[in-house]
Amino acid sequence: MRPIVEPAPTVSAARRRLGSRTAPLPGVGDEGIRRLAAARVLVIGAGGLGSPVVALLAGAGLARLTVVDPDVVDPSNLARQTLYTAADVGRPKARVAADRAHAVDPETETVAVVAEFAPDIVAGHDVVVDAADSVVVTRAASEACAAAGVPLVWGSALGSDGQVSVFWDAAPDGAAVDFHDLHPDPFDDDGSCALDGVVPALCGVVGSVMAGQVSALVTGVGDPLLGRVVTVDARTWRAVESPLRRGPASRRPSSLPAAQRASAPRIAPAALEARLALRAQGRDDFVLVDVRTDAELDATGVVPGAVRPDDVPADAEVVVYCARGPRADAWATANGNGRTVTVLDGGMTAWLAEARTTAERPDRGGAQG
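Residues numbered from 1 in each chain as written. Predicted model: local features only at pLDDT ≥ 70, side-chain atom pairs only at ≥ 80, totals over all residues. Heavy atoms only, no water.

Caption draft 1: View of the pattern of salt bridges. Under the defined criterion, the tally for this structure stands at 23 salt bridges. Glu273 is paired through a salt bridge with Arg356; the nearest N and O atoms lie 2.5 Å apart. Here Glu273 is found in helix α9 (residues 269–280), whereas its partner Arg356 is found in the segment after α12 (347–353), with 83 residues between them in sequence. Looking at Glu273, the relative accessible area reads 33%, which means it is partly exposed. With its nearest N and O atoms 2.8 Å apart, the salt bridge here joins Glu296 to Arg327. Remark: Arg327 occurs in helix α11 (residues 326–335) and Glu296 occurs in helix α10 (residues 294–300); sequence separation between them is 31 residues. What makes Glu296 partly exposed here is its relative accessible area of 22%. (Salt bridge = Lys/Arg side-chain N within 4 Å of Asp/Glu carboxyl O. Helix = DSSP H or I, 4+ residues; strand = E, 2+ residues; numbered from the N terminus. Buried < 20%, exposed > 50% of the residue type's maximum accessible area, 1.4 Å probe, protein only.)

Caption draft 2: Quick peek at the sheet that holds strand β10 (residues 287–290). Across the sheet, four strands lie side by side as β9-β12-β11-β10; this open sheet has parallel pairing. Two strands lie at the open edges of the sheet, namely β9 (266–267) and β10, each paired on one side alone. Note: β10 against strand β11 (residues 318–321), four bridges, orientation parallel. By the bridge assignment for β11, Asp290 is matched with Tyr321. (Pairing = 2+ DSSP bridges.)

Written out as C-alpha coordinates, the structure is:
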(Lines give C-alpha, C1' and ligand atoms only; values in the text may rest on other atoms or scores of the structure.)
Protein backbone atom coordinates (compact mmCIF):
# COMPACT_ATOMS: atom_id res chain seq x y z
CA MET A 1 0.00 0.00 0.00
CA ARG A 2 1.27 3.47 -0.83
CA PRO A 3 2.27 5.69 2.11
CA ILE A 4 -0.24 8.41 2.96
CA VAL A 5 2.27 11.10 4.04
CA GLU A 6 4.94 12.83 1.97
CA PRO A 7 8.38 12.71 3.63
CA ALA A 8 9.79 15.70 5.46
CA PRO A 9 12.79 17.24 3.64
CA THR A 10 15.15 16.56 6.54
CA VAL A 11 15.17 15.27 10.11
CA SER A 12 17.38 16.26 13.01
CA ALA A 13 20.20 14.19 14.46
CA ALA A 14 18.03 13.60 17.55
CA ARG A 15 15.23 12.24 15.37
CA ARG A 16 17.67 9.93 13.61
CA ARG A 17 18.77 8.54 16.97
CA LEU A 18 15.12 8.16 18.03
CA GLY A 19 14.39 6.17 14.88
CA SER A 20 17.65 4.23 14.82
CA ARG A 21 15.91 0.91 15.62
CA THR A 22 13.07 1.54 13.17
CA ALA A 23 15.03 2.68 10.13
CA PRO A 24 16.85 -0.68 9.61
CA LEU A 25 13.53 -2.48 9.09
CA PRO A 26 12.98 -3.58 5.47
CA GLY A 27 11.26 -0.82 3.52
CA VAL A 28 11.55 1.87 6.22
CA GLY A 29 14.97 3.48 5.91
CA ASP A 30 15.59 7.21 5.96
CA GLU A 31 12.51 7.90 3.87
CA GLY A 32 10.21 6.14 6.37
CA ILE A 33 11.66 8.16 9.24
CA ARG A 34 11.08 11.35 7.26
CA ARG A 35 7.50 10.33 6.52
CA LEU A 36 6.87 9.81 10.23
CA ALA A 37 8.46 13.20 10.91
CA ALA A 38 5.83 14.80 8.67
CA ALA A 39 2.81 12.92 10.07
CA ARG A 40 0.08 14.55 12.15
CA VAL A 41 -1.88 12.05 14.24
CA LEU A 42 -5.03 12.54 16.31
CA VAL A 43 -5.70 10.11 19.18
CA ILE A 44 -9.25 10.11 20.55
CA GLY A 45 -9.23 8.72 24.08
CA ALA A 46 -6.30 8.43 26.49
CA GLY A 47 -7.57 5.50 28.56
CA GLY A 48 -6.81 1.79 28.43
CA LEU A 49 -6.33 1.74 24.64
CA GLY A 50 -5.07 5.28 24.23
CA SER A 51 -2.28 4.81 26.77
CA PRO A 52 -0.25 2.28 24.76
CA VAL A 53 -1.10 4.11 21.54
CA VAL A 54 0.28 7.41 22.87
CA ALA A 55 3.27 5.75 24.53
CA LEU A 56 4.34 4.09 21.26
CA LEU A 57 3.56 7.02 18.98
CA ALA A 58 5.50 9.31 21.32
CA GLY A 59 8.67 7.57 20.15
CA ALA A 60 7.71 7.43 16.49
CA GLY A 61 9.08 10.88 15.72
CA LEU A 62 5.82 12.50 14.56
CA ALA A 63 5.28 16.09 13.54
CA ARG A 64 2.21 16.48 15.73
CA LEU A 65 0.36 14.30 18.23
CA THR A 66 -3.07 15.53 19.38
CA VAL A 67 -4.77 13.77 22.30
CA VAL A 68 -8.49 14.29 23.00
CA ASP A 69 -10.10 13.11 26.25
CA PRO A 70 -12.55 14.81 28.66
CA ASP A 71 -11.74 12.50 31.59
CA VAL A 72 -9.38 12.81 34.57
CA VAL A 73 -7.04 10.19 35.98
CA ASP A 74 -8.63 8.00 38.65
CA PRO A 75 -7.03 5.33 40.87
CA SER A 76 -9.17 2.69 39.11
CA ASN A 77 -7.37 3.54 35.84
CA LEU A 78 -3.85 2.74 36.94
CA ALA A 79 -3.96 -1.05 36.45
CA ARG A 80 -4.39 -0.74 32.68
CA GLN A 81 -3.76 2.90 31.70
CA THR A 82 0.00 2.70 31.74
CA LEU A 83 0.76 6.36 31.01
CA TYR A 84 -0.31 7.38 34.50
CA THR A 85 0.90 7.10 38.07
CA ALA A 86 -0.72 7.77 41.42
CA ALA A 87 0.74 11.27 41.29
CA ASP A 88 -1.45 12.01 38.23
CA VAL A 89 -4.78 11.24 39.95
CA GLY A 90 -7.21 14.11 39.40
CA ARG A 91 -5.32 15.54 36.41
CA PRO A 92 -6.85 15.61 32.90
CA LYS A 93 -5.77 12.51 30.97
CA ALA A 94 -5.24 14.40 27.71
CA ARG A 95 -2.86 16.84 29.37
CA VAL A 96 -0.85 14.15 31.17
CA ALA A 97 -0.66 12.04 27.99
CA ALA A 98 0.57 15.01 25.93
CA ASP A 99 3.16 15.83 28.60
CA ARG A 100 4.44 12.24 28.59
CA ALA A 101 4.72 12.24 24.79
CA HIS A 102 6.54 15.56 24.77
CA ALA A 103 8.98 14.25 27.37
CA VAL A 104 9.89 11.39 25.03
CA ASP A 105 10.32 13.59 21.96
CA PRO A 106 10.40 17.37 22.52
CA GLU A 107 10.41 17.89 18.74
CA THR A 108 6.87 16.54 18.44
CA GLU A 109 4.19 19.20 18.70
CA THR A 110 1.88 17.77 21.37
CA VAL A 111 -1.64 19.12 21.76
CA ALA A 112 -4.00 18.26 24.62
CA VAL A 113 -7.75 18.74 24.10
CA VAL A 114 -9.57 18.28 27.41
CA ALA A 115 -13.04 17.89 25.92
CA GLU A 116 -15.38 15.47 24.19
CA PHE A 117 -14.50 14.61 20.60
CA ALA A 118 -15.84 17.11 18.07
CA PRO A 119 -15.75 16.40 14.31
CA ASP A 120 -13.89 19.60 13.46
CA ILE A 121 -10.84 18.34 15.41
CA VAL A 122 -10.10 15.92 12.54
CA ALA A 123 -9.05 18.77 10.23
CA GLY A 124 -5.30 19.04 9.78
CA HIS A 125 -4.50 15.43 10.73
CA ASP A 126 -3.27 12.63 8.48
CA VAL A 127 -4.46 9.70 10.61
CA VAL A 128 -7.09 9.47 13.38
CA VAL A 129 -6.92 6.81 16.09
CA ASP A 130 -10.21 6.01 17.80
CA ALA A 131 -9.25 4.70 21.24
CA ALA A 132 -12.35 6.05 23.00
CA ASP A 133 -14.05 2.63 23.00
CA SER A 134 -17.49 4.22 22.56
CA VAL A 135 -19.99 3.55 19.79
CA VAL A 136 -21.16 7.16 19.97
CA VAL A 137 -17.66 8.52 19.47
CA THR A 138 -16.76 5.93 16.82
CA ARG A 139 -19.76 6.79 14.64
CA ALA A 140 -18.99 10.51 14.92
CA ALA A 141 -15.29 9.96 14.22
CA SER A 142 -16.06 7.61 11.32
CA GLU A 143 -18.27 10.18 9.61
CA ALA A 144 -15.78 13.00 10.23
CA CYS A 145 -12.91 10.94 8.82
CA ALA A 146 -14.99 9.91 5.80
CA ALA A 147 -15.78 13.55 5.08
CA ALA A 148 -12.09 14.49 5.38
CA GLY A 149 -10.79 11.47 3.46
CA VAL A 150 -8.65 10.45 6.44
CA PRO A 151 -8.06 6.85 7.61
CA LEU A 152 -9.44 5.86 11.02
CA VAL A 153 -7.64 3.28 13.14
CA TRP A 154 -10.21 1.70 15.46
CA GLY A 155 -9.92 -0.56 18.48
CA SER A 156 -12.14 -1.89 21.25
CA ALA A 157 -11.54 -3.85 24.46
CA LEU A 158 -14.12 -5.01 26.99
CA GLY A 159 -13.99 -7.98 29.32
CA SER A 160 -11.78 -10.51 27.53
CA ASP A 161 -12.62 -9.45 23.98
CA GLY A 162 -10.68 -7.03 21.81
CA GLN A 163 -10.97 -5.90 18.19
CA VAL A 164 -8.84 -3.83 15.82
CA SER A 165 -9.39 -2.59 12.27
CA VAL A 166 -8.72 0.30 9.90
CA PHE A 167 -11.52 2.21 8.17
CA TRP A 168 -10.87 4.49 5.20
CA ASP A 169 -13.52 5.73 2.77
CA ALA A 170 -10.85 7.11 0.43
CA ALA A 171 -8.80 3.89 0.29
CA PRO A 172 -7.48 3.02 -3.18
CA ASP A 173 -8.22 -0.07 -5.26
CA GLY A 174 -11.80 -0.53 -4.09
CA ALA A 175 -10.75 -1.17 -0.49
CA ALA A 176 -12.98 1.54 1.02
CA VAL A 177 -14.68 0.45 4.24
CA ASP A 178 -16.09 2.26 7.24
CA PHE A 179 -17.38 1.50 10.72
CA HIS A 180 -20.93 1.40 9.38
CA ASP A 181 -19.86 -1.51 7.14
CA LEU A 182 -18.94 -3.44 10.28
CA HIS A 183 -22.06 -2.34 12.20
CA PRO A 184 -24.73 -1.09 9.74
CA ASP A 185 -27.35 -0.64 12.45
CA PRO A 186 -26.75 1.62 15.47
CA PHE A 187 -26.59 0.10 18.93
CA ASP A 188 -26.10 1.53 22.39
CA ASP A 189 -22.97 1.63 24.51
CA ASP A 190 -24.39 -1.06 26.78
CA GLY A 191 -21.12 -2.15 28.37
CA SER A 192 -18.29 -0.41 30.20
CA CYS A 193 -15.05 -1.34 31.91
CA ALA A 194 -16.52 -0.07 35.18
CA LEU A 195 -19.35 -2.64 34.98
CA ASP A 196 -17.92 -5.50 32.94
CA GLY A 197 -14.22 -5.25 33.69
CA VAL A 198 -11.38 -5.63 31.20
CA VAL A 199 -8.16 -7.65 31.10
CA PRO A 200 -5.41 -5.01 31.55
CA ALA A 201 -2.98 -6.78 29.24
CA LEU A 202 -5.64 -6.92 26.51
CA CYS A 203 -5.65 -3.12 26.42
CA GLY A 204 -1.90 -3.22 25.85
CA VAL A 205 -2.19 -5.77 23.05
CA VAL A 206 -4.98 -3.96 21.21
CA GLY A 207 -3.43 -0.52 21.70
CA SER A 208 -0.05 -1.73 20.43
CA VAL A 209 -1.63 -3.12 17.27
CA MET A 210 -3.42 0.20 16.77
CA ALA A 211 -0.14 2.10 17.00
CA GLY A 212 1.33 -0.30 14.47
CA GLN A 213 -1.46 0.54 12.02
CA VAL A 214 -0.49 4.21 12.17
CA SER A 215 3.11 3.40 11.25
CA ALA A 216 1.99 1.14 8.41
CA LEU A 217 -0.30 3.79 6.94
CA VAL A 218 2.22 6.62 7.25
CA THR A 219 5.27 4.77 5.91
CA GLY A 220 3.54 2.40 3.50
CA VAL A 221 5.48 -0.48 5.03
CA GLY A 222 3.44 -3.55 5.88
CA ASP A 223 -0.20 -4.40 5.27
CA PRO A 224 -2.60 -2.38 7.48
CA LEU A 225 -5.85 -3.93 8.67
CA LEU A 226 -7.93 -2.28 5.96
CA GLY A 227 -10.82 -4.55 5.09
CA ARG A 228 -9.87 -6.90 7.92
CA VAL A 229 -10.95 -7.10 11.55
CA VAL A 230 -8.72 -8.86 14.08
CA THR A 231 -10.49 -10.21 17.18
CA VAL A 232 -8.41 -11.13 20.22
CA ASP A 233 -9.72 -13.47 22.93
CA ALA A 234 -7.83 -12.82 26.16
CA ARG A 235 -9.13 -16.07 27.67
CA THR A 236 -7.20 -18.18 25.17
CA TRP A 237 -4.90 -15.50 23.66
CA ARG A 238 -5.95 -16.51 20.19
CA ALA A 239 -6.54 -14.00 17.42
CA VAL A 240 -9.01 -14.49 14.57
CA GLU A 241 -9.08 -12.42 11.39
CA SER A 242 -12.35 -11.69 9.57
CA PRO A 243 -12.74 -9.98 6.18
CA LEU A 244 -14.74 -6.75 5.94
CA ARG A 245 -16.18 -5.48 2.68
CA ARG A 246 -18.57 -2.74 1.67
CA GLY A 247 -21.95 -4.20 0.82
CA PRO A 248 -24.47 -2.88 -1.75
CA ALA A 249 -26.90 -1.84 1.02
CA SER A 250 -24.26 -0.05 3.11
CA ARG A 251 -25.43 3.27 4.53
CA ARG A 252 -24.18 5.94 6.88
CA PRO A 253 -25.67 6.44 10.35
CA SER A 254 -26.51 10.06 9.45
CA SER A 255 -28.95 8.78 6.82
CA LEU A 256 -30.95 6.90 9.45
CA PRO A 257 -33.90 8.28 11.41
CA ALA A 258 -32.84 10.16 14.54
CA ALA A 259 -34.58 7.63 16.77
CA GLN A 260 -32.27 4.89 15.43
CA ARG A 261 -28.98 6.69 16.02
CA ALA A 262 -26.56 5.88 18.81
CA SER A 263 -26.95 6.92 22.40
CA ALA A 264 -25.81 10.10 24.18
CA PRO A 265 -22.17 10.86 25.03
CA ARG A 266 -20.77 9.30 28.22
CA ILE A 267 -18.92 10.71 31.20
CA ALA A 268 -16.89 8.48 33.52
CA PRO A 269 -17.57 8.52 37.29
CA ALA A 270 -14.18 10.10 37.98
CA ALA A 271 -14.79 12.88 35.45
CA LEU A 272 -18.26 13.56 36.89
CA GLU A 273 -16.80 13.78 40.38
CA ALA A 274 -14.24 16.30 39.09
CA ARG A 275 -16.98 18.36 37.41
CA LEU A 276 -19.04 18.33 40.61
CA ALA A 277 -16.03 19.70 42.49
CA LEU A 278 -15.68 22.49 39.93
CA ARG A 279 -19.40 23.21 40.15
CA ALA A 280 -19.11 23.58 43.91
CA GLN A 281 -16.42 26.22 43.28
CA GLY A 282 -18.62 28.06 40.78
CA ARG A 283 -16.37 27.02 37.88
CA ASP A 284 -18.81 24.69 36.10
CA ASP A 285 -22.54 24.85 35.48
CA PHE A 286 -24.74 21.83 34.82
CA VAL A 287 -27.64 19.94 36.37
CA LEU A 288 -27.19 16.35 37.56
CA VAL A 289 -30.41 14.34 37.11
CA ASP A 290 -31.32 10.97 38.64
CA VAL A 291 -34.07 9.14 36.70
CA ARG A 292 -34.28 5.97 38.81
CA THR A 293 -37.31 4.81 40.73
CA ASP A 294 -38.15 5.86 44.30
CA ALA A 295 -37.26 2.38 45.54
CA GLU A 296 -33.80 2.60 43.93
CA LEU A 297 -33.18 6.00 45.48
CA ASP A 298 -34.22 4.77 48.91
CA ALA A 299 -31.97 1.72 48.59
CA THR A 300 -28.73 3.38 47.47
CA GLY A 301 -29.08 7.15 47.83
CA VAL A 302 -28.00 9.43 45.00
CA VAL A 303 -24.87 11.00 43.59
CA PRO A 304 -24.37 14.15 45.69
CA GLY A 305 -26.04 17.15 44.09
CA ALA A 306 -28.48 15.15 41.97
CA VAL A 307 -32.05 16.34 41.42
CA ARG A 308 -35.19 14.67 40.15
CA PRO A 309 -36.36 15.12 36.52
CA ASP A 310 -39.06 17.63 37.45
CA ASP A 311 -36.42 20.02 38.78
CA VAL A 312 -34.47 20.51 35.54
CA PRO A 313 -34.51 24.02 33.99
CA ALA A 314 -35.46 24.00 30.32
CA ASP A 315 -32.14 25.38 29.01
CA ALA A 316 -29.67 23.73 31.40
CA GLU A 317 -26.80 21.45 30.44
CA VAL A 318 -27.57 18.04 31.94
CA VAL A 319 -25.70 14.98 33.15
CA VAL A 320 -28.21 12.18 33.65
CA TYR A 321 -27.96 8.72 35.16
CA CYS A 322 -30.01 5.66 36.04
CA ALA A 323 -28.88 2.28 37.39
CA ARG A 324 -26.70 1.30 34.42
CA GLY A 325 -27.42 3.61 31.47
CA PRO A 326 -30.38 2.59 29.24
CA ARG A 327 -33.02 4.68 31.04
CA ALA A 328 -30.67 7.65 31.07
CA ASP A 329 -30.21 7.26 27.32
CA ALA A 330 -33.97 7.18 26.85
CA TRP A 331 -34.35 10.33 28.97
CA ALA A 332 -31.62 12.05 26.93
CA THR A 333 -33.39 11.17 23.67
CA ALA A 334 -36.76 12.39 24.92
CA ASN A 335 -35.52 15.53 26.67
CA GLY A 336 -32.51 16.70 24.64
CA ASN A 337 -34.35 19.47 22.80
CA GLY A 338 -31.12 20.97 21.51
CA ARG A 339 -29.36 21.11 24.87
CA THR A 340 -26.22 19.22 25.91
CA VAL A 341 -27.06 15.93 27.65
CA THR A 342 -24.39 13.49 28.85
CA VAL A 343 -24.97 10.07 30.43
CA LEU A 344 -23.00 8.79 33.42
CA ASP A 345 -21.15 5.75 32.07
CA GLY A 346 -22.37 2.67 33.95
CA GLY A 347 -24.85 4.72 35.98
CA MET A 348 -25.20 4.41 39.74
CA THR A 349 -23.84 0.87 39.54
CA ALA A 350 -20.46 2.15 38.31
CA TRP A 351 -20.51 5.04 40.81
CA LEU A 352 -21.00 2.65 43.71
CA ALA A 353 -18.51 0.11 42.32
CA GLU A 354 -15.82 2.78 42.58
CA ALA A 355 -16.81 3.50 46.20
CA ARG A 356 -17.74 7.11 45.55
CA THR A 357 -19.73 9.25 47.94
CA THR A 358 -23.53 9.07 48.02
CA ALA A 359 -26.17 11.34 49.52
CA GLU A 360 -29.78 10.91 50.64
CA ARG A 361 -32.40 11.01 47.92
CA PRO A 362 -33.91 14.35 46.86
CA ASP A 363 -37.24 15.14 48.53
CA ARG A 364 -39.38 15.95 45.51
CA GLY A 365 -40.03 14.99 41.90
CA GLY A 366 -41.45 11.87 40.31
CA ALA A 367 -39.45 8.89 39.20
CA GLN A 368 -39.06 7.98 35.55
CA GLY A 369 -39.13 4.34 34.45
